[in-house]
Amino acid sequence: MKTKLFLTFPLLCCFAMTSCYVIPDPQKEKPKEEVKKDTTLTSEEQQKLDEQRAKMKEKEEAEKKEKEALVEKEKEKEGDTTPKPPDRKPGDYPFANPVPGKEGFVFSPYNNKLVDVRDIPSGQLVRDPTYAVSEKKFFRVP
């Protein structure tokens, strides 16, 4: 008997507390004030924004020039290790054969192996990656 009393008393308390709580009705809530989306800038504000944009572009260009200058100085110190094509006439280099059905891929004219030339423009001189740099195997992109 005492156990039933101990169990029912907390249940009655919980029921009494939940019955007193008011659940807000979502329909009765007032909508929050909307931010004005149709705000227009005055000519002065627009001029300030344009000036800020121009300053940012100038800063970016200056940083870009500084980076390029640093890269050039480093190349001068280390020496340019990129292979340069030998001095020949434009007609001396063979053209690669395009791979049918695969745009941006060609067959090397020296060993007929597949070479990726997707970002290289047509007519550009390219070193064959399957040969060593010292062999100087260059071809043109069709």
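Up top is the structure these notes are about.
Only a predicted model underlies this, so the values are computations on that prediction, with no experimental measurement involved.

### A short note on a negative patch on the surface
Item 1. Side chains of Glu58, Glu60, Glu61, Glu63 and Glu66 sit close together on the surface and give a patch of like negative charge.
Item 2. Along the chain, Glu63 falls in helix α2 (residues 43-78).

### Some thoughts on the packing of aromatic side chains
Ring pairs (aromatic) are described by centroid distance and by the angle formed between their planes.
Item 1. Within this structure, the stated rule accounts for 2 aromatic pairs.
Item 2. Between Tyr93 and Phe138, the aromatic rings sit 6.4 Å apart at their centres with planes inclined by 75 degrees, giving edge-to-face as the arrangement. Here Tyr93, found in the loop between α2 and β1 (97-98), pairs with Phe138, found in strand β5 (residues 138-140); they are 45 residues apart in sequence, far enough to count as distant.
Item 3. A residue is classified by how much of its surface remains accessible, and Tyr93, at 4% relative accessible area, is buried.
Item 4. Residue Phe138 is classed as buried on the basis of its relative accessible area of 4%.
Item 5. For the cation-ring pair, Lys137 lies above Tyr131, with the distance from its terminal atom to the ring centre recorded as 5.4 Å.

### Re the nonpolar core
Item 1. With 7 residues, the main nonpolar core is built from Ala96, Val106, Val115, Val117, Val126, Phe139 and Val141.
Item 2. Once residues within four sequence positions are removed from consideration, Ala96 is found in contact with Val106, Phe107, Pro109, Phe139, Arg140 and Pro142.

### Concerning the pattern of salt bridges
Where charged atoms from two side chains of opposite charge come close, those side chains can pair.
Item 1. All chains considered together, the criterion is met by 2 salt bridges.
Item 2. One salt bridge in this structure joins Asp50 and Arg53, with 3.7 Å as the shortest N-O distance. Placement of both Asp50 and Arg53 in helix α2 is noted, with a separation of 3 residues, approximately one turn of the helix.
Item 3. Taking relative accessible area as the criterion, Asp50 reaches 38% and is therefore assigned partly exposed.
Item 4. The shortest N-O distance in the salt bridge between Arg118 and Asp116 comes to 2.9 Å.

### Some remarks on the sheet that holds β1
Item 1. On the basis of which strands lie adjacent, the open sheet formed by 3 strands has the order β1-β2-β3 and antiparallel pairing. Two strands close off the open sheet at either side, each with one partner strand: β1 and β3 (114-116).
Item 2. Sheet topology note: the strand β2 (residues 105-107)/β3 ladder contains 3 bridges and is antiparallel. When the sheet's bridge partners are listed, Phe107 is paired in β3 with Leu114.

### Observations concerning helix α1 (residues 2-20)
Item 1. The end-to-end C-alpha distance of α1 is 28 Å, a good match for the 27 Å that 19 residues give at a rise of 1.5 Å each.
Item 2. Within α1, only 0 of the 19 residues are buried, which leaves it mostly out in the open.

Rules used throughout
- Residues numbered from 1 in each chain as written.
- Predicted model: local features only at pLDDT ≥ 70, side-chain atom pairs only at ≥ 80, totals over all residues.
- Heavy atoms only, no water.
- Patch = residues over 30% accessible without salt bridge, like charges linked within 9 Å, V, L, I, M, F, W, Y side chains within 5 Å.
- Areas by Shrake-Rupley, 256 points an atom, 1.4 Å probe, with all protein chains shown as cover.
- Salt bridge = Lys/Arg side-chain N within 4 Å of Asp/Glu carboxyl O.
- Lys, Arg positive; Asp, Glu negative; His and termini not counted.
- Charge placed at Lys NZ, Arg CZ, Asp CG, Glu CD.
- Helix = DSSP H or I, 4+ residues; strand = E, 2+ residues; numbered from the N terminus.
- Phe/Tyr/Trp six-rings, centres within 6.5 Å; stacked < 30°, edge-to-face > 60°.
- Buried < 20%, exposed > 50% of the residue type's maximum accessible area, 1.4 Å probe, protein only.
- Lys NZ or Arg CZ within 6 Å of the ring centre and 35° of its normal.
- Core = buried A, V, L, I, M, F, W, Y, C linked by side-chain atoms within 4.5 Å.
- Contact = heavy atoms within 4.5 Å.
- Pairing = 2+ DSSP bridges.
- Expected span 1.5 Å × (residues − 1).

Purely geometric numbers; function is a separate question.
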